[in-house]
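Survey of secondary and tertiary structure
Single-letter residue listing:
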Amino acid sequence: MHPIGYTLSMRTDITPRTATPGEDALRQWHRLFGIALTELFEGAPWRVELEQELALRSQLLDVAIIEAVGKGAERRLPPDLPDGLDNLRAHNLLTYKSRHEALDAWTLDELTGHYVNYRKLHLAADHKRHPPSAFGLYAVATRGPRGLNAAHPLHPTAWDGVYDLPWGGHVVRVIILNEIAPQPQNAAWELFASERDRIRQGLIHYRARYPHPTPGGHWALLEHLYLIYQREAPDMAYNLEEFLRETQEMVIAEAIKRDPEAILKRFAPEQRLKGLDLEERLRGLDPATIEAWLAHQRRNH
């Protein structure tokens, strides 16, 4: 699929008028989307695999396979999943199209082909193929698929931006990120929308979901998104940078309030005193202690 240029509302959409990033740039969007999915299922009996080889020839699934692990895992979904993931099966194949790509009929044909290959390669414990009912097919796209919807109308569901579309012998769950409801559970969807207001809302919801950044973990996703926006949408990159800085200040303030002594112990004595004038450094010390220290200094010098 070759990325195409497009124009939407200049007021809210941050996609450039001619969006033709290279393959590496598109892969970055797909990889980050996969990381967001991995965070959603953290600690749950589900495995998320990204860009898995599904044939002897190189046929990479666009983003992820969400697979239940452990007995009854498919009945124990993580809490607060984003809209549209309510009907996960034991095996779920998900394709993703970023703001630079169109969701079209060929994408759904490819998804169906991936399903066929996956079902052939991944057999059940009895060495038989899993039944079709064990599989869910998902297509997640930033932009609404106007061409696809004109030829194959999407069927609305109970959730904004979530549709069902019969395709071949399956029903594909289609999730449009620019149409999703602004709810806390949809933070992962909102971060990959192309409308500023939705992205900002996603940042707020993401911060509420993961209030404490971890090295190489939560919030690393936002740092990678910031680097992409620096290249593609500098205005949004600035907003994201400000948000990260504000959040870091909030985290530091909360840590100091909770345990100031623990924060101080992280710094060497000279670092704690840096920036203080002489009077501030001596304030609180007993005069006798100061005199004793001065007398000791005189004897040694």
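Residues numbered from 1 in each chain as written. Predicted model: local features only at pLDDT ≥ 70, side-chain atom pairs only at ≥ 80, totals over all residues. Heavy atoms only, no water.

Secondary structure summary: the chain contains eleven helices and seven strands in total. Buried positions account for 43% of the 301 residues belonging to the chain. By element, 54% of the accessible surface of the chain is carried by carbon and sulfur atoms, the whole surface being about 16,900 Å². (Helix = DSSP H or I, 4+ residues; strand = E, 2+ residues; numbered from the N terminus. Buried < 20%, exposed > 50% of the residue type's maximum accessible area, 1.4 Å probe, protein only. Areas by Shrake-Rupley, 256 points an atom, 1.4 Å probe, with all protein chains shown as cover.)

The next subject is helix α5 (residues 196–209). Its 14 residues give α5 an end-to-end C-alpha distance of 20 Å, which sits within 8% of 20 Å, the value for a rise of 1.5 Å per residue. Of all the positions in α5, only R196, R198, I199, G202, L203, H205, Y206 and R207 are classed as buried. (Expected span 1.5 Å × (residues − 1).)

For helix α2 (residues 105–121), built from 17 residues, the straight-helix expectation of 24 Å at 1.5 Å per residue is met to within 8% by its first-to-last C-alpha distance of 25 Å. Residues of α2 that are buried: T107, L108, L111, T112, H114, Y115, N117 and Y118.

Structurally, D109 is set in helix α2. The class of D109 is partly exposed, set by a relative accessible area of 38%. For the pair D109 and G168, spaced 59 residues apart in the sequence, the C-alpha separation amounts to 8.6 Å.

This part covers empty space enclosed by the protein. Using the criterion set out here, one finds three cavities of 30 Å³ or more in the structure. The volume enclosed by the largest cavity comes to roughly 50 Å³. Lining the largest cavity are A36, E39, L40, Q185, A187, A188, Y206, R209, Y210 and L221. Sorting the residues of the lining of the largest cavity by element identifies α1 (23–40), α4 (187–191) and α5 as the ones contributing at least two each. (1 Å grid on protein atoms, 1.4 Å probe; cavity = no way out; pocket = protein on both sides within 12 Å on 5 of 7 lines; lining within 4 Å. Points joined across faces, edges and corners; volume = space filled by probe spheres on them.)

Our next topic: the packing of aromatic side chains. Aromatic ring pairs: the centre-centre distance and the angle between the two ring planes describe each pair. The final tally for this structure, using the stated rule, is eight aromatic pairs. Summarising the aromatic geometry, the rings of Y118 and F135 are spaced 5.9 Å apart at their centres and angled 85 degrees between planes, so their arrangement reads as edge-to-face. Pair noted here: Y118 is in helix α2 and F135 is in strand β4 (residues 135–141), with a separation of 17 residues, a long-range link. We classify F135 as buried; its relative accessible area is 4%. Here a set of aromatic residues connected by ring pairs shows up, and it is made of W29, F33, Y96, W189 and F192. (Phe/Tyr/Trp six-rings, centres within 6.5 Å; stacked < 30°, edge-to-face > 60°.)

What follows concerns the pattern of salt bridges. Side chains bearing opposite charge may pair, as long as their charged atoms lie close to each other. Tallying each qualifying case throughout the model produces six salt bridges. The closest approach of N and O atoms between E49 and R47, which form a salt bridge, is 2.8 Å. Classification of E49 as partly exposed rests on a relative accessible area of 23%. In this structure, R47 and E67 form a salt bridge, with 2.1 Å as the shortest nitrogen-oxygen distance. Taken together, the residues R47 in strand β1 (residues 46–50) and E67 in strand β2 (residues 64–68) connect sequence positions 20 residues apart. (Salt bridge = Lys/Arg side-chain N within 4 Å of Asp/Glu carboxyl O.)

With that settled, the discussion passes to the nonpolar core. Core analysis: the largest hydrophobic core is formed by 35 residues, its most contacted members being F33, W189 and F192. Going through the elements one at a time, α1, β1, β2, β3 (91–97), β4, α4, α5 and α6 (220–232) are the ones with two or more residues in this core. Discounting residues that sit within four places of it in the chain, F192 has contacts with W29, L32, F33, A36, Y96, T142, L177, L221 and L225. Counting residues in each nonpolar core, the second largest holds 20 residues, with L148, L154, Y163 and V172 among its members. (Core = buried A, V, L, I, M, F, W, Y, C linked by side-chain atoms within 4.5 Å. Contact = heavy atoms within 4.5 Å.)

Taken residue by residue, the chain gives an average pLDDT of 77. The fraction at 70 or more is 71%. No element of the chain has a lower mean pLDDT than helix α7 (residues 234–258), at 59, and none a higher one than strand β6 (residues 162–167), at 98. Every residue in residues 1–14 is under pLDDT 50, and counting partners more than four places away or in other chains gives 43 contacts. Every residue in residues 54–61 scores below 50 in pLDDT, and together they form 25 contacts with partners more than four places removed in sequence or on other chains. (pLDDT = per-residue confidence, 0-100.)

Mapped onto the elements of the fold, D126 is located in the loop between α2 and β4. Take D126: its relative accessible area is 48%, and that puts it in the partly exposed class. At 3.0 Å, the side chain of D126 forms a polar contact with the backbone nitrogen of K128. (Polar contact = N/O pair within 3.5 Å; in protein donor to acceptor, adjacent residues only side chain to side chain.)

What is expected of a backbone is that most residues other than glycine have negative phi and most peptide bonds are trans. Although it is not a glycine, D80 sits at a positive phi angle of roughly 60 degrees. Note that D80 resides in the loop between β2 and β3. A relative accessible area of 53% places D80 in the exposed class. We note that H127 has phi near 65 degrees; this positive angle belongs to a residue other than glycine. Position of H127 among the secondary structure elements: in the loop between α2 and β4.

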